[in-house]
Amino acid sequence: MKMSHYGTYWVSFFKGVILVLLILALTGCSIGGEKKIKIFSVEKPREKLNYEMPTPLQMEEIKWIIITSANADEVFKRLEDAGIDPVLFGITDKDFQVLARNFAQIRQKLQETNNLLEEYKKYYEDSGNNQ
Amino acid sequence: MFSSIRMVITILLITGIAGAGMYVMKLRADNATLKANQIKLETAVAEQNKVLEQQKADFEAIMESNKKLNVLINTFKKDLEDLDQRFTKKNRDIGKLSIKRTEAMERIINKGGKNAARCIELASGAEHTEEELKATLKSQINPECPALANPNYVHHE
(Lines give C-alpha, C1' and ligand atoms only; values in the text may rest on other atoms or scores of the structure.)
Protein backbone atom coordinates (compact mmCIF):
# COMPACT_ATOMS: atom_id res chain seq x y z
CA MET A 1 0.00 0.00 0.00
CA LYS A 2 1.41 3.28 -0.98
CA MET A 3 1.17 6.02 1.61
CA SER A 4 0.66 9.63 0.72
CA HIS A 5 3.38 12.19 1.27
CA TYR A 6 1.31 13.74 4.07
CA GLY A 7 0.86 10.38 5.81
CA THR A 8 4.61 9.68 5.70
CA TYR A 9 5.26 12.98 7.57
CA TRP A 10 2.79 12.05 10.26
CA VAL A 11 4.29 8.57 10.76
CA SER A 12 7.78 10.13 11.02
CA PHE A 13 6.45 12.67 13.51
CA PHE A 14 4.88 9.95 15.71
CA LYS A 15 8.06 7.88 15.50
CA GLY A 16 10.00 10.90 16.72
CA VAL A 17 7.58 11.52 19.58
CA ILE A 18 7.74 7.82 20.63
CA LEU A 19 11.54 7.95 20.50
CA VAL A 20 11.68 11.08 22.68
CA LEU A 21 9.23 9.54 25.17
CA LEU A 22 11.26 6.32 25.21
CA ILE A 23 14.46 8.23 25.92
CA LEU A 24 12.76 10.21 28.69
CA ALA A 25 11.40 7.01 30.25
CA LEU A 26 14.85 5.42 30.21
CA THR A 27 16.73 8.41 31.57
CA GLY A 28 14.15 9.45 34.14
CA CYS A 29 14.23 13.09 33.09
CA SER A 30 17.87 13.23 34.00
CA ILE A 31 19.18 14.47 30.72
CA GLY A 32 19.94 17.88 32.22
CA GLY A 33 22.11 16.12 34.84
CA GLU A 34 21.65 15.78 38.58
CA LYS A 35 22.28 18.86 40.60
CA LYS A 36 25.47 18.29 42.52
CA ILE A 37 25.21 18.30 46.31
CA LYS A 38 27.67 20.77 47.67
CA ILE A 39 29.23 19.78 50.97
CA PHE A 40 31.03 22.58 52.75
CA SER A 41 32.32 22.93 56.26
CA VAL A 42 32.19 26.10 58.31
CA GLU A 43 34.68 26.33 61.15
CA LYS A 44 32.87 27.48 64.26
CA PRO A 45 35.08 28.35 67.21
CA ARG A 46 34.36 26.59 70.47
CA GLU A 47 32.22 28.53 72.90
CA LYS A 48 34.22 30.30 75.60
CA LEU A 49 33.86 29.09 79.14
CA ASN A 50 33.17 32.49 80.59
CA TYR A 51 33.43 31.75 84.26
CA GLU A 52 34.15 34.78 86.34
CA MET A 53 37.26 34.64 88.46
CA PRO A 54 36.55 33.37 91.98
CA THR A 55 35.45 36.02 94.44
CA PRO A 56 38.34 37.08 96.69
CA LEU A 57 38.19 35.88 100.26
CA GLN A 58 37.43 38.25 103.10
CA MET A 59 39.17 37.04 106.20
CA GLU A 60 37.88 37.68 109.68
CA GLU A 61 40.26 38.87 112.34
CA ILE A 62 41.48 36.48 115.02
CA LYS A 63 42.82 37.78 118.30
CA TRP A 64 45.75 35.88 119.66
CA ILE A 65 46.27 35.80 123.44
CA ILE A 66 49.61 34.80 124.89
CA ILE A 67 49.19 33.02 128.18
CA THR A 68 52.07 32.22 130.48
CA SER A 69 52.19 30.82 134.00
CA ALA A 70 52.67 34.42 135.19
CA ASN A 71 49.70 36.04 133.48
CA ALA A 72 47.23 33.12 133.38
CA ASP A 73 45.03 34.32 136.26
CA GLU A 74 44.97 37.85 134.88
CA VAL A 75 44.06 36.64 131.36
CA PHE A 76 41.19 34.44 132.61
CA LYS A 77 39.89 37.29 134.80
CA ARG A 78 40.01 39.64 131.81
CA LEU A 79 37.99 37.15 129.77
CA GLU A 80 35.39 36.75 132.52
CA ASP A 81 35.10 40.53 132.89
CA ALA A 82 34.52 40.84 129.15
CA GLY A 83 31.77 38.21 129.35
CA ILE A 84 33.80 35.64 127.38
CA ASP A 85 33.95 32.01 128.55
CA PRO A 86 37.23 31.62 130.46
CA VAL A 87 38.58 28.97 128.18
CA LEU A 88 41.45 29.12 125.71
CA PHE A 89 42.52 26.72 122.97
CA GLY A 90 46.26 26.65 123.25
CA ILE A 91 49.26 25.70 121.18
CA THR A 92 52.92 25.76 122.14
CA ASP A 93 55.41 28.22 120.64
CA LYS A 94 56.74 25.45 118.37
CA ASP A 95 53.26 24.59 117.15
CA PHE A 96 52.61 28.27 116.56
CA GLN A 97 55.55 28.27 114.15
CA VAL A 98 54.13 25.18 112.42
CA LEU A 99 50.74 26.85 112.17
CA ALA A 100 52.28 29.98 110.65
CA ARG A 101 54.16 27.82 108.14
CA ASN A 102 51.04 25.83 107.23
CA PHE A 103 49.10 29.05 106.80
CA ALA A 104 51.82 30.39 104.47
CA GLN A 105 51.79 27.17 102.43
CA ILE A 106 48.01 27.28 102.01
CA ARG A 107 48.27 30.90 100.87
CA GLN A 108 51.01 29.99 98.39
CA LYS A 109 48.98 27.11 96.97
CA LEU A 110 46.01 29.43 96.55
CA GLN A 111 48.18 31.98 94.80
CA GLU A 112 49.74 29.32 92.56
CA THR A 113 46.34 27.91 91.54
CA ASN A 114 44.94 31.36 90.81
CA ASN A 115 48.02 32.18 88.80
CA LEU A 116 47.74 28.97 86.77
CA LEU A 117 44.09 29.74 86.07
CA GLU A 118 44.99 33.18 84.79
CA GLU A 119 47.78 31.78 82.63
CA TYR A 120 45.45 29.17 81.10
CA LYS A 121 42.85 31.83 80.43
CA LYS A 122 45.42 34.09 78.84
CA TYR A 123 46.88 31.29 76.71
CA TYR A 124 43.61 29.89 75.39
CA GLU A 125 41.63 33.10 75.05
CA ASP A 126 44.12 35.83 74.19
CA SER A 127 46.28 34.00 71.64
CA GLY A 128 43.35 32.50 69.72
CA ASN A 129 44.08 28.90 70.74
CA ASN A 130 40.45 27.93 70.99
CA GLN A 131 40.83 24.17 70.79
CA MET B 1 38.56 8.67 -8.98
CA PHE B 2 39.42 12.34 -8.61
CA SER B 3 36.37 12.99 -6.48
CA SER B 4 37.31 10.05 -4.17
CA ILE B 5 40.78 11.51 -3.59
CA ARG B 6 39.23 14.91 -2.92
CA MET B 7 36.87 13.31 -0.41
CA VAL B 8 39.71 11.51 1.38
CA ILE B 9 41.76 14.70 1.54
CA THR B 10 38.75 16.63 2.83
CA ILE B 11 38.12 14.00 5.52
CA LEU B 12 41.79 14.06 6.49
CA LEU B 13 41.75 17.86 6.66
CA ILE B 14 38.59 17.92 8.76
CA THR B 15 39.99 15.18 11.05
CA GLY B 16 43.29 17.07 11.31
CA ILE B 17 41.61 20.37 12.16
CA ALA B 18 39.31 18.62 14.68
CA GLY B 19 42.31 16.84 16.23
CA ALA B 20 44.28 20.06 16.46
CA GLY B 21 41.28 21.78 18.00
CA MET B 22 40.86 19.01 20.56
CA TYR B 23 44.58 19.11 21.32
CA VAL B 24 44.43 22.86 21.90
CA MET B 25 41.39 22.38 24.13
CA LYS B 26 43.22 19.67 26.08
CA LEU B 27 46.19 21.99 26.49
CA ARG B 28 43.92 24.76 27.76
CA ALA B 29 42.25 22.36 30.20
CA ASP B 30 45.68 21.18 31.41
CA ASN B 31 46.76 24.78 31.79
CA ALA B 32 43.66 25.59 33.87
CA THR B 33 44.31 22.52 36.06
CA LEU B 34 47.93 23.53 36.56
CA LYS B 35 46.92 27.08 37.44
CA ALA B 36 44.39 25.75 39.97
CA ASN B 37 47.07 23.44 41.41
CA GLN B 38 49.48 26.36 41.66
CA ILE B 39 46.91 28.43 43.56
CA LYS B 40 46.21 25.49 45.90
CA LEU B 41 49.94 25.00 46.54
CA GLU B 42 50.45 28.69 47.23
CA THR B 43 47.48 28.66 49.62
CA ALA B 44 48.85 25.54 51.34
CA VAL B 45 52.27 27.16 51.74
CA ALA B 46 50.67 30.32 53.17
CA GLU B 47 48.61 28.20 55.58
CA GLN B 48 51.68 26.23 56.62
CA ASN B 49 53.55 29.48 57.27
CA LYS B 50 50.64 30.71 59.36
CA VAL B 51 50.62 27.47 61.37
CA LEU B 52 54.38 27.75 61.91
CA GLU B 53 54.04 31.35 63.07
CA GLN B 54 51.23 30.36 65.45
CA GLN B 55 53.35 27.49 66.79
CA LYS B 56 56.25 29.88 67.35
CA ALA B 57 54.00 32.36 69.16
CA ASP B 58 52.51 29.54 71.28
CA PHE B 59 55.96 28.27 72.18
CA GLU B 60 57.06 31.75 73.24
CA ALA B 61 53.87 32.18 75.30
CA ILE B 62 54.49 28.82 77.03
CA MET B 63 58.11 29.75 77.76
CA GLU B 64 57.04 33.12 79.16
CA SER B 65 54.37 31.48 81.31
CA ASN B 66 56.86 28.88 82.62
CA LYS B 67 59.32 31.63 83.46
CA LYS B 68 56.66 33.52 85.42
CA LEU B 69 55.64 30.39 87.32
CA ASN B 70 59.26 29.57 88.15
CA VAL B 71 59.77 33.10 89.50
CA LEU B 72 56.61 32.67 91.58
CA ILE B 73 57.75 29.32 93.01
CA ASN B 74 61.14 30.82 93.90
CA THR B 75 59.34 33.67 95.66
CA PHE B 76 57.34 31.10 97.63
CA LYS B 77 60.53 29.37 98.77
CA LYS B 78 62.02 32.70 99.83
CA ASP B 79 58.87 33.70 101.71
CA LEU B 80 58.95 30.44 103.69
CA GLU B 81 62.65 30.88 104.45
CA ASP B 82 61.97 34.45 105.64
CA LEU B 83 59.15 33.19 107.85
CA ASP B 84 61.41 30.53 109.43
CA GLN B 85 64.10 33.13 109.89
CA ARG B 86 61.73 35.45 111.71
CA PHE B 87 61.15 32.75 114.33
CA THR B 88 64.76 31.60 114.65
CA LYS B 89 66.92 34.64 113.72
CA LYS B 90 69.94 35.05 116.08
CA ASN B 91 68.84 32.03 118.15
CA ARG B 92 65.51 33.74 118.80
CA ASP B 93 63.09 31.69 120.89
CA ILE B 94 59.58 33.09 120.70
CA GLY B 95 58.55 31.01 123.75
CA LYS B 96 61.13 32.66 125.98
CA LEU B 97 60.49 36.06 124.42
CA SER B 98 56.76 35.69 125.09
CA ILE B 99 57.44 34.98 128.79
CA LYS B 100 59.70 38.04 129.05
CA ARG B 101 57.70 40.49 126.95
CA THR B 102 54.21 39.04 126.83
CA GLU B 103 52.28 42.13 125.78
CA ALA B 104 54.74 43.17 123.08
CA MET B 105 54.78 39.66 121.64
CA GLU B 106 50.99 39.53 121.69
CA ARG B 107 50.90 42.76 119.65
CA ILE B 108 53.50 41.42 117.20
CA ILE B 109 51.68 38.10 116.77
CA ASN B 110 48.30 39.76 116.26
CA LYS B 111 49.79 42.11 113.69
CA GLY B 112 51.44 39.15 111.96
CA GLY B 113 48.12 37.26 111.94
CA LYS B 114 46.38 40.25 110.41
CA ASN B 115 49.08 40.55 107.73
CA ALA B 116 48.90 36.83 106.97
CA ALA B 117 45.12 37.06 106.58
CA ARG B 118 45.58 39.95 104.16
CA CYS B 119 48.04 37.80 102.19
CA ILE B 120 45.35 35.12 101.85
CA GLU B 121 42.87 37.72 100.57
CA LEU B 122 45.39 38.95 97.99
CA ALA B 123 46.27 35.40 96.94
CA SER B 124 42.60 34.71 96.33
CA GLY B 125 42.44 37.66 93.93
CA ALA B 126 41.65 40.71 96.08
CA GLU B 127 42.63 44.11 94.70
CA HIS B 128 45.65 45.86 96.20
CA THR B 129 45.02 49.00 98.23
CA GLU B 130 46.77 52.18 97.22
CA GLU B 131 48.85 52.00 100.37
CA GLU B 132 50.06 48.50 99.44
CA LEU B 133 50.96 49.61 95.94
CA LYS B 134 52.82 52.70 97.13
CA ALA B 135 54.85 50.84 99.77
CA THR B 136 58.55 50.94 98.92
CA LEU B 137 60.12 51.01 102.38
CA LYS B 138 60.59 48.05 104.70
CA SER B 139 58.51 49.78 107.36
CA GLN B 140 55.57 50.12 104.94
CA ILE B 141 55.39 46.59 103.59
CA ASN B 142 53.48 43.49 104.60
CA PRO B 143 56.41 41.32 105.79
CA GLU B 144 54.38 38.09 105.51
CA CYS B 145 54.23 38.24 101.71
CA PRO B 146 56.02 41.33 100.34
CA ALA B 147 56.25 40.00 96.77
CA LEU B 148 52.50 39.54 96.66
CA ALA B 149 51.33 42.48 98.74
CA ASN B 150 53.82 45.15 97.72
CA PRO B 151 54.80 44.74 94.07
CA ASN B 152 56.76 48.01 94.08
CA TYR B 153 58.96 47.05 97.00
CA VAL B 154 62.47 45.99 96.05
CA HIS B 155 64.12 43.74 98.60
CA HIS B 156 67.79 44.45 99.24
CA GLU B 157 69.91 41.80 100.95
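Residues numbered from 1 in each chain as written. Chains lettered and ligands numbered in written order. Predicted model: local features only at pLDDT ≥ 70, side-chain atom pairs only at ≥ 80, totals over all residues. Heavy atoms only, no water.

1. Considering the overall build of chain B
Quick reminder of the rule: Strands are runs of DSSP state E lasting at least 2 residues, helices are runs of H or I lasting at least 4, and numbering of each runs from the N terminus. Only protein chains enter the accessibility calculation, which uses a 1.4 Å probe; a residue is then buried when its area is under 20% of its type maximum, exposed when over 50%, and partly exposed in between. Residues are treated as being in contact if the distance between any of their heavy atoms lies within 4.5 Å.
A tally of helices and strands in chain B yields five helices and zero strands. Secondary structure elements in chain B, listed N-terminal to C-terminal, are α-α-α-α-α. When each of the 157 residues of chain B is scored for burial, the buried share is 26%. Considering only contacts in chain B between residues 6 or more positions apart, those separated by 24 or more positions represent 37%.

2. Let's talk about the confidence of the model for chain A
We count it as follows: The predictor reports its confidence for every residue as pLDDT, a score running from 0 up to 100.
Considering every residue of chain A, the mean pLDDT works out to 85; 89% of them sit at 70 or more. Ranking the elements of chain A by mean pLDDT puts helix 1 (residues 5-27) of chain A last with 85 and helix 2 (residues 72-81) of chain A first with 94.

3. Description of the interface of chain B and chain A
Just so we agree on the cut-off: In the sections that follow, a salt bridge refers to a side-chain nitrogen of Lys or Arg positioned within 4 Å of a carboxyl oxygen of Asp or Glu. Each polar contact in these results corresponds to two N or O atoms within 3.5 Å; when the atoms are within protein, one needs to be able to donate a hydrogen and the other to accept it, and residues that are neighboring in sequence are counted only if both atoms are side-chain atoms. Polar here means any residue other than Ala, Val, Leu, Ile, Met, Phe, Trp, Tyr, Cys and Pro, which are nonpolar, and Asp, Glu, Lys and Arg, which are charged; Gly is therefore polar.
Counting from both sides, the interface comprises 39 residues of chain B and, opposite them, 37 residues of chain A. Joining chain B to chain A, the criterion identifies four salt bridges. Residue glutamate 106 of chain B is joined to lysine 63 of chain A by a salt bridge in which the shortest nitrogen-to-oxygen separation is 3.7 Å. Our enumeration of links across chain B and chain A arrives at 12 residue pairs in polar contact (both at pLDDT 80 or more). Here the side of chain B that touches chain A gets 16 residues from one element, more than from any other, and that element is helix 1 (residues 2-88) of chain B. Partitioning the side of chain B that touches chain A into residue classes produces 21 nonpolar, nine polar and nine charged.

4. Notes on the packing of helix 3 (residues 93-126) of chain A against helix 3 (residues 102-123) of chain B
Rule in force here: Every axis in this analysis is a line fitted to C-alpha atoms, fitted for helices over the stretch in contact. Angles between the N-to-C directions lie between 0 and 180 degrees. The labels follow the angle: roughly parallel below 35 degrees, roughly antiparallel above 145, roughly perpendicular from 65 to 115, and oblique for the rest. By the definition used in this description, the sense in which the near helix is turned from the far one sets the handedness, with an anticlockwise turn below a right angle giving left-handed and a clockwise turn giving right-handed.
Between helix 3 of chain A and helix 3 of chain B, whose axes approach to 8 Å, the crossing angle comes to 20°. Relative to helix 3 of chain B, helix 3 of chain A is oriented roughly parallel. The hand of the helix 3 of chain A/helix 3 of chain B crossing is left-handed. Packed against helix 3 of chain A, whose contacting residues are Phe96, Phe103, Arg107, Leu110, Gln111 and Asn114 of chain A, the element helix 3 of chain B presents Ile109, Ala116, Ala117, Cys119, Ile120 and Ala123 of chain B at the interface.

5. Topic: the nonpolar core
What counts here: As used in this record, nonpolar core signifies buried Ala, Val, Leu, Ile, Met, Phe, Trp, Tyr and Cys residues forming a set joined through side-chain atoms within 4.5 Å.
Residues Ile66, Phe96 and Ala104 of chain A together with Leu80, Leu83, Phe87, Ile94, Met105 and Ile109 of chain B constitute the largest nonpolar core, which totals nine residues. For this core, the secondary structure elements donating two or more residues are helix 3 of chain A together with helix 1 and helix 3 of chain B. When residues in this core are grouped by element, the largest group, three residues, is from helix 1 of chain B. Not counting the four nearest positions on each side in its chain, phenylalanine 96 of chain A is found in contact with Trp64 and Ile91 of chain A together with Phe87, Ile94 and Ile109 of chain B. If you look at the next biggest cluster of nonpolar residues, it comprises six residues, including Cys119, Ala123, Cys145 and Leu148 of chain B.

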